[in-house]
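Chain by chain, the residues:
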Amino acid sequence: MKNNDASERLTALLDAAVDAMIIIDHRGIIELFNTAAERIFGYLSDEVVGQNISMLMPSPYRQEHDSYLHNFMQTNQPRIIGIGREVKALKKDGEVIPIDLSVGEVKNSSHRQFVGIIRDISEQVQARKDTIEIRERLAHVSRLNTMGEMAAGIAHEVNQPLTAVAVYAQACSRMITNCKPEEAHLLNDKLLNSLEKINAQALRAGDVIMRLRGYVKKHTASRELTDINQLVKDTINLAQIDTRLLDHGITLELTDNPPQLMIDAVQIQQVLFNLIRNAIDSMQDKPNEAITIRSRWTEKKLIEVSVVDTGTGVDEENRATLFNPFFTTKESGMGMGLAISQSIIQSHGGHLWYQNNHSNGSIFLFTLPSNNDLAITNDGQ
Ligand code: ADP
């Protein structure tokens with residue numbers, strides 16, 4: 001009688017719990033399924049007690065579970081016991097949901113039993129996806145905005161080769177019109193020469209457009225092995241559309257052991273682009289001074305990229321708010337560049353921060369992890 005009381009109290013307690021709790025025996029047969037579990041999975045306790053726990057798992061875990069449990073019983077080497085982890089669960093209506101599962105062994109019971117404590121984390125997982133999507137969209141809007149600001153530079157950059165094409169084409173038609181019969185044998189070579197120049201200029205215009213399209217096109221986050229030094233150089237090519245950069249020039253001090261990092265190249269390019277443009281903005285009164293971009297390995301095997309300028313620097317009282325969205329000291333600034341850049345770097349597992357440049361100006365630095373998941377280096381560092 002006393003035992004019955006205790007077991008009823010235990011059942012009442014488990015039913016009052018917010019988290020789903022399921023007890024199984026050593027074969028995976030469900031012995032207890034509390035009210036919260038009924039709520040999450042859509043089954044009544046009577047429908048699942050006596051059945052194998054694998055019915056609550058989607059493929060391929062369903063097929064693997066029996067042999068996993070069997071191995072565990074033989075070896076006592078747990079893969080999940082004592083550790084919480086995110087896994088997938090199958091509801092009665094067929095929906096697969098992400099859950100947080102922690103499993104423990106029930107001690108001192110008459111036979112071996114395991115208890116699983118389960119929390120439905122669909123909302124958190126959805127919120128995480130939404131955050132990533134919002135960041136993607138924001139980053140995209142910001143790239144479009146930057147291109148909008150640079151419209152004059154882009155027009156100039158494309159217009160130059162187009163003007164050259166027109167000039168060479170006019171020259172060709174003049175050559176043909178004015179060609180004297182005794183010079184006709186020279187005409188072909190002259191025309192060929194001009195046509196090659198036309199071709200080169202048309203390719204140049206196409207190249208500018210291709211670079212821009214690559215930068216502004218909407219893309220879903222995708223990581224690929226990228227040489228960070230090459231990315232710096234490509235970004236400079238792109239940034240030169242802002243013709244002010246040509247006045248300053250850029251000094252490169254890049255590691256001669258460039259890592260191949262697993263990154264979203266367009267996003268990291270966006271960060272570099274923002275930092276370079278901010279550096280240019282801050283050096284308006286110093287048109288002849290160069291911007292320096294460095295890449296190096298830190299002792300902790302991180303790759304660190306810094307953009308150094310000799311501009312106005314950041315006033316002490318603004319340093320704390322520098323990375324806040326909409327913080328700007330520029331008349332036509334949006335104040336989103338650093339906020340977006342920071343969130344991009346953080347999503348890559350790195351950091352972005354400001355340092356005072358003691359010889360005047362600012363240094364913005366970011367790190368990217370170079371662990372095996374993210375990087376392959378030339379010498380396998
Ligand atoms: P925006 O460029 O639109 O203002 P950002 O988020 O890129 O937006 O920059 C926010 C502010 O940080 C800038 O308005 C400026 O005050 C400051 N800042 C950023 N980079 C630099 C820099 N290299 N030198 C001085 N100030 C900077």
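Residues numbered from 1 in each chain as written. Predicted model: local features only at pLDDT ≥ 70, side-chain atom pairs only at ≥ 80, totals over all residues. Heavy atoms only, no water.

Chemist: Would you mind going over the layout of surface pockets with me for this structure?
Modeler: Think of a ball as big as a water molecule: rolled over the atoms, this probe shows where empty space is left. Estimated volume of the largest pocket: approximately 880 Å³. Considering the residues around the largest pocket, the lining is formed by 31 residues, among which N278, D281, T328, T329 and K330 are closest to the centre. Looking at the lining of the largest pocket, the elements with two or more residues in it are α5 (122–149), α10 (265–282), α11 (337–347) and β12 (362–369). For the lining of the largest pocket, the element with the most residues is α10, which contributes five residues. Class assignment of the residues belonging to the lining of the largest pocket gives a composition of seven nonpolar, 17 polar and seven charged. (1 Å grid on protein atoms, 1.4 Å probe; cavity = no way out; pocket = protein on both sides within 12 Å on 5 of 7 lines; lining within 4 Å. Points joined across faces, edges and corners; volume = space filled by probe spheres on them. Helix = DSSP H or I, 4+ residues; strand = E, 2+ residues; numbered from the N terminus. Nonpolar A, V, L, I, M, F, W, Y, C, P; charged D, E, K, R; others polar.)

Chemist: Got a minute to help me understand the sheet that holds strand β2 (residues 30–33) in this structure?
Modeler: In a beta sheet, neighbouring strands pair by backbone hydrogen bonds and run either parallel or antiparallel. Overall, antiparallel pairing links the five strands, which are arranged β2-β1-β5-β4-β3 in an open sheet. The sheet is open, and its two borders are formed by β2 and β3 (85–90), each paired with just one other strand. For this sheet the average axis-to-axis angle between neighbouring strands, irrespective of direction, equals 35 degrees. Relative to strand β4 (residues 96–106), β3 runs antiparallel, the two being bridged by six bridges. Opposite R85, over in β4, you have L101 as the bridge partner. Strand contacts of α5: β3, β4 and β5 (113–120), with the helix running at about 130 degrees to β4, the strand carrying the most contacts. (Pairing = 2+ DSSP bridges. Axes fitted to C-alpha atoms, helices over the stretch in contact; angles between N-to-C directions. Contact = heavy atoms within 4.5 Å.)

Chemist: Is there a simple way to explain unusual backbone geometry in this structure?
Modeler: If a residue is not glycine, its phi is most likely negative; likewise, a peptide bond is most likely trans. Along the chain, S59 connects to P60 via a cis peptide bond; the corresponding omega equals 0 degrees. Unusually for a residue other than glycine, K301 sits at a positive phi of about 60 degrees. Take K301: its relative accessible area is 42%, and that puts it in the partly exposed class. Despite not being glycine, F326 shows a phi value in the positive range, around 70 degrees. Secondary-structure assignment places F326 in the loop between β10 (302–308) and α11. (Buried < 20%, exposed > 50% of the residue type's maximum accessible area, 1.4 Å probe, protein only.)

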